[in-house]
Structure formats: C-alpha cells, structure tokens
Amino acid sequence: GIYTDEMAHLALAFAYQAGVAIEHARLYEQALSASERRAILHQASEEIARASQNPDQVYETVHRATARLMPAEAFAITLLDENLREAEAVYLFDRGGRWPSQSFPSDQGLSGQVVSSGRSILIDDLSKQSNPAGIHFGETEEVRAILSVPLRLGDKVIGMLSTQSYASDAYDAEDQTLLEMLAAHAAVAIENSRLYAQTLQRLKE
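Residues numbered from 1 in each chain as written. Predicted model: local features only at pLDDT ≥ 70, side-chain atom pairs only at ≥ 80, totals over all residues. Heavy atoms only, no water.

Trainee: Teacher, can you tell me more about unusual backbone geometry here?
Mentor: Glycine aside, residues mostly have negative phi, and peptide bonds are mostly found in the trans state. One non-glycine residue, Asp169, lies in the positive phi region at around 55°. Along the chain, Asp169 turns up in the loop between β7 (156-165) and α4 (173-204). The exposure class of Asp169 is exposed, given its relative accessible area of 55%. (Helix = DSSP H or I, 4+ residues; strand = E, 2+ residues; numbered from the N terminus. Buried < 20%, exposed > 50% of the residue type's maximum accessible area, 1.4 Å probe, protein only.)

Trainee: Mind showing me how you'd approach the pattern of salt bridges here?
Mentor: A side chain with one charge can pair with a side chain of the opposite charge if their charged atoms come near. For the structure on display, the rule yields 5 salt bridges. A cluster of three or more residues bridged by salt bridges with shared partners is formed by Arg37, Glu174 and Asp175. (Salt bridge = Lys/Arg side-chain N within 4 Å of Asp/Glu carboxyl O.)

Trainee: What exactly am I supposed to notice about the pairing of strand β6 (residues 145-153) here?
Mentor: Each regular strand carries side chains that alternate between the two faces of the sheet. Burial of β6 is extensive: 7 of the 9 residues sit out of reach of the surface. Two strands pair when backbone bridges link them, and strand β5 (residues 121-123) and β6 are joined in this way by 3 bridges, in the antiparallel orientation. Opposite Ile123, over in β6, you have Ile146 as the bridge partner. Of the strand pairs in this sheet, β6 and β7 are connected by 9 bridges, and their pairing is antiparallel. Each bridged residue has a counterpart across the sheet, and for Val149 the counterpart in β7 is Leu161. Connecting β6 to the antiparallel partner β7 that follows it, the hairpin turn spans 2 residues, and Gly154 within it adopts a positive phi of roughly 65°. (Pairing = 2+ DSSP bridges.)

Trainee: Even after reading the chapter, I still don't get α4, so can you show me in this structure?
Mentor: For the α-helix, the turn length of 3.6 residues means that residues three or four positions removed from each other point alike. The end-to-end C-alpha distance of α4, which contains 32 residues, comes to 46 Å, matching closely the 46 Å that a straight helix rising 1.5 Å per residue would cover. Asp175, Leu178, Leu179, Leu182, Ala183, Ala186, Ala187, Ala189, Ile190 and Ser193 are the residues of α4 that are buried. Two or three places before Glu174, at the opening of α4, Asp172 has a side-chain oxygen 3.1 Å from that residue's backbone nitrogen. (Expected span 1.5 Å × (residues − 1). Polar contact = N/O pair within 3.5 Å; in protein donor to acceptor, adjacent residues only side chain to side chain.)

Trainee: Could you clarify how one ought to interpret the packing of helix α2 (residues 55-69) against α4 in this entry?
Mentor: Between two packed helices, the angle of one axis relative to the other and the distance separating the axes together describe the packing. At a minimum axis distance of 10 Å, the contact between α2 and α4 shows a crossing angle of 170°. As judged from the angle between their axes, α2 and α4 are roughly antiparallel. In contact with Pro55, Val58, Tyr59, Val62, Ala65, Thr66 and Leu69 of α2, α4 contributes Asp175, Leu178, Leu179, Leu182, Ala186, Ala189, Ile190 and Ser193. (Axes fitted to C-alpha atoms, helices over the stretch in contact; angles between N-to-C directions. Parallel < 35°, antiparallel > 145°, perpendicular 65-115°, else oblique. Contact = heavy atoms within 4.5 Å.)

Trainee: What is the right way to read a nonpolar patch on the surface from this model?
Mentor: Taken together, the side chains of Tyr196, Leu200 and Leu203 present a nonpolar region at the surface, about 300 Å² in accessible area. With respect to the helices and strands, Leu203 occurs in helix α4. (Patch = residues over 30% accessible without salt bridge, like charges linked within 9 Å, V, L, I, M, F, W, Y side chains within 5 Å. Areas by Shrake-Rupley, 256 points an atom, 1.4 Å probe, with all protein chains shown as cover.)

Trainee: What should I look at first to understand the nonpolar core in this one?
Mentor: Generally speaking, soluble globular proteins have nonpolar side chains that are buried together. Membership of the largest hydrophobic core comes to 33 residues, with the highest contact counts inside it found for Val62, Phe75, Ile77, Leu151, Leu161, Leu182 and Ile190. Elements represented by at least two residues in this core include exactly α1 (5-50), α2, β1 (74-80), β2 (86-94), β6, β7 and α4. Per-element accounting of this core gives the leading share, 8 residues, to α4. Excluding anything up to four places from it in sequence, Leu161 contacts Val62, Phe75, Ala76, Leu147, Ser148, Val149, Leu151, Leu179, Ala183 and Ala186. (Core = buried A, V, L, I, M, F, W, Y, C linked by side-chain atoms within 4.5 Å.)

Trainee: Help me understand the packing of aromatic side chains, please; the structure alone is not making it clear to me.
Mentor: Think of a pair of aromatic rings as described by two things: how far the centres are apart, and how the planes are tilted against each other in angle. Considering all chains together, one arrives at 2 aromatic pairs under this definition. Each ring, one from Tyr59 and one from Tyr91, has its centre 6.3 Å from the other, and the planes form 55°; the classification is tilted. Of this pair, Tyr59 sits in helix α2 while Tyr91 sits in strand β2, and the two are 32 residues apart along the sequence. Summarising the aromatic geometry, the rings of Phe75 and Tyr91 are spaced 6.1 Å apart at their centres and angled 75° between planes, so their arrangement reads as edge-to-face. (Phe/Tyr/Trp six-rings, centres within 6.5 Å; stacked < 30°, edge-to-face > 60°.)

Trainee: It is not clear to me how the side chain of Ser162 should be interpreted in this structure. Could you clarify?
Mentor: Position of Ser162 relative to the elements: it lies in strand β7. For Ser162, a relative accessible area of 1% corresponds to the buried category. Engagement of the side chain of Ser162 in a polar contact is seen with the side chain of Gln164, the distance being 3.0 Å. Setting aside its immediate chain neighbours within four residues, Ser162 contacts Ala74, Phe75, Ala76, Leu110, Ile146, Leu147 and Ser148.

So this is what it looks like as structure tokens:
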C-alpha cells in the first residue's frame, strides 16, 4: 500500500482532534461531577440542620450524606467529653449495621491524632502502615482506606468524623475538602443537639 506524507499529516491531525475531544469530555465530566457533589453537599447541610435536635438523627444524616459523596462502608463519629480527657465513639457503623459506642482516652487512636493536631488524615492503604493507629470496631476484616477530619467549633476541636473503605486508594484531596466542609455543618448540628438535650434534662430535673 501507499502511505504519503499528506496521509500521515491527516492521521496526525485526526489523532490530535480526537485527543482534544476526549480531554474536553473528561473535563466536562469532572466539572459535572464537581457540580453534582456541591449540590449534594448543599442539600446535606440543610438536612443536617433540620435534624439538629436529635443527636442520633444528626449522626445518621451525616453518614448518609457522606455515603452519597464518597465510599462510606465503615463510618465513625467521635466526640470529646467536656474535660477533653475521654473520647466517645458516639456513632460506629460497619458493613450494614450500627455497633455499640466505645469510650477511650482522648489521646488514643486515630481520633487522638486528628484532635491533637487539628488536621485531617488520609490513609490510602492501612495494610501498608507499619503501626496502624486506629481503634478497631465492627467486622474482623480491616478496612484499607481511611479519611478522618476534625469536627471544629471555631478554634476548638470537639471530635472527629471518619469515613472508611475496604478498598485501597478510595479517597483523594477533593474527598478530603468535601468531608471537611461537611464536618463544619455537622459540628454545629452536633453541638446544637447536645445543648438541646442538656436543656431538656434540666427541665426534667
């Protein structure tokens, strides 16, 4: 067969155009996905605010919202006590079910790291960590990927929100930003529900 220079140029031009089209499609898909996730985040913040008189309802709403944004096969919300000495895992979820709450010293485990540093932690694969810092709950199988973010009220860290997956590399920097934004709404709602519960208790007394 005959393959002229003109045909080579045409093939190159076609390949370039095809590459540009694919890149545009990828960027459009990313933009659409980002837009959809922002809409979910906005809707979730409203749902969390509406649930803010009932702590359990707040925890479940935060979990559901997270699961719409990223993998959340296991999920935990940990809160510090008033003396900052103990942490209570007030919401523990793993493989389709809720697990009993746990209390532990506030400087232990993943929540201890997040609370003391005030920084998020993203672990791509827990099985590659030489000294995993987590406190185990739920199923015997260990999760692989973990994204944990602080729950803040102003400058004060009141606890931690953690979403986890049984697949490695489940989270990225965008997931971290979204979860931090969700945690900001969750912290306010959790504090409101605490205050509401305390007020009801005082009225009963």
